[in-house]
Amino acid sequence: MAVVNMAARFARMSRNLLVRHPDVPEFDECPDPEIARIEWTIARLPKRTRVVFLMHRFEDLRYDRIAHRIGIGEKAVEREMVRTMRASRKAREDHAREHSK
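Residue numbering note: each chain is counted from 1, following its sequence as written. Residue-level local features of this predicted model are given only where pLDDT is at least 70; pairs of side-chain atoms are given and counted only at 80 or more, and the full residue set underlies all totals for whole chains, interfaces and linings. Side-chain numbers come from the whole structure's heavy atoms, not from hydrogens or water.

Enquirer: Please give an account of the confidence of the model for the protein that cites residues and values.
Expert: Averaged over every residue, the pLDDT of the protein is 80; the share at 70 or more is 68%. Scored between 0 and 100, pLDDT is the confidence that the predictor attaches to each residue. For helices the rule is a DSSP run of H or I covering at least 4 residues; for strands it is a run of E covering at least 2, with both sets numbered from the N terminus onward. Mean pLDDT across the elements of the protein ranges from a minimum in helix H1 (residues 2-18), with 61, to a maximum in helix H4 (residues 63-70), with 95. Whether two residues are in contact is decided by their heavy atoms, any of which lying within 4.5 Å being enough. Of the regions scoring below 50 in pLDDT, residues 19-25 engages in seven contacts with residues more than four places distant in sequence or in other chains.

Enquirer: Account for the nonpolar core, with residues named and values stated.
Expert: Ranked by internal contacts, the top residues of the largest apolar core, which has 18 residues, are Ile42, Val52, Phe53, Met55, Ile66, Ile72 and Val77. Elements with a contribution of two residues or more to this core: helix H2 (33-43), helix H3 (47-58), H4 and helix H5 (74-99). A per-element tally of this core places H3 first, with six residues. We define the nonpolar core as a collection of buried residues of types Ala, Val, Leu, Ile, Met, Phe, Trp, Tyr and Cys that are connected through side-chain atoms lying within 4.5 Å of one another. Each residue is assigned to one of three classes by its accessible area relative to the maximum for its type, calculated with a 1.4 Å probe on protein chains only: buried under 20%, partly exposed between the two thresholds, exposed over 50%.

Enquirer: Give me the lowdown on H5, citing residues and values where you can.
Expert: Every α-helix winds through 3.6 residues per turn, so residues three or four apart in the chain are directed the same way. In this model, H5 (26 residues) spans 38 Å end to end at C-alpha, consistent with the 38 Å of a helix rising 1.5 Å per residue. Listed in full, the buried residues belonging to H5 are Ala76, Val77, Glu80, Met81, Thr84, Ala87, Ser88, Ala91, Asp94 and His95. One fewer than the residue count of a helix, multiplied by 1.5 Å, yields its expected span.

Enquirer: Residues and numbers for the side chain of Thr41, please.
Expert: With respect to the helices and strands, the residue Thr41 is situated in helix H2. Ignoring any residue separated from it by four or fewer positions in sequence, one finds Thr41 in contact with Ala87, Ser88 and Ala91.

Enquirer: Pulling in residues and values, what's your account of unusual backbone geometry?
Expert: In this structure, Asp60 takes a positive phi of about 55° despite not being glycine. According to the relative accessible area criterion, Asp60 is exposed, its value standing at 63%.

What follows is the structure in structure tokens.
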């Protein structure tokens, strides 16, 4: 349940970052295709990677606190965050490439 709530918060945050605030659709509305692709990418990440990302972005936890909570090293947390950033960057690049044709 908590992961679902964090995913919904991530969706809203994504829209706020990519769309001007007055134009941000409600969570139930159909989002921008670019945002939908990023949400889909985050949802498909391995569970530990997704949990690390959501803890860092939505609970504002530092890497050392995340590592302590999950029982992994700080470098592992860092690697998971890098994996997430690469995946989201690739999703945005793929979206841009598809829509530039």
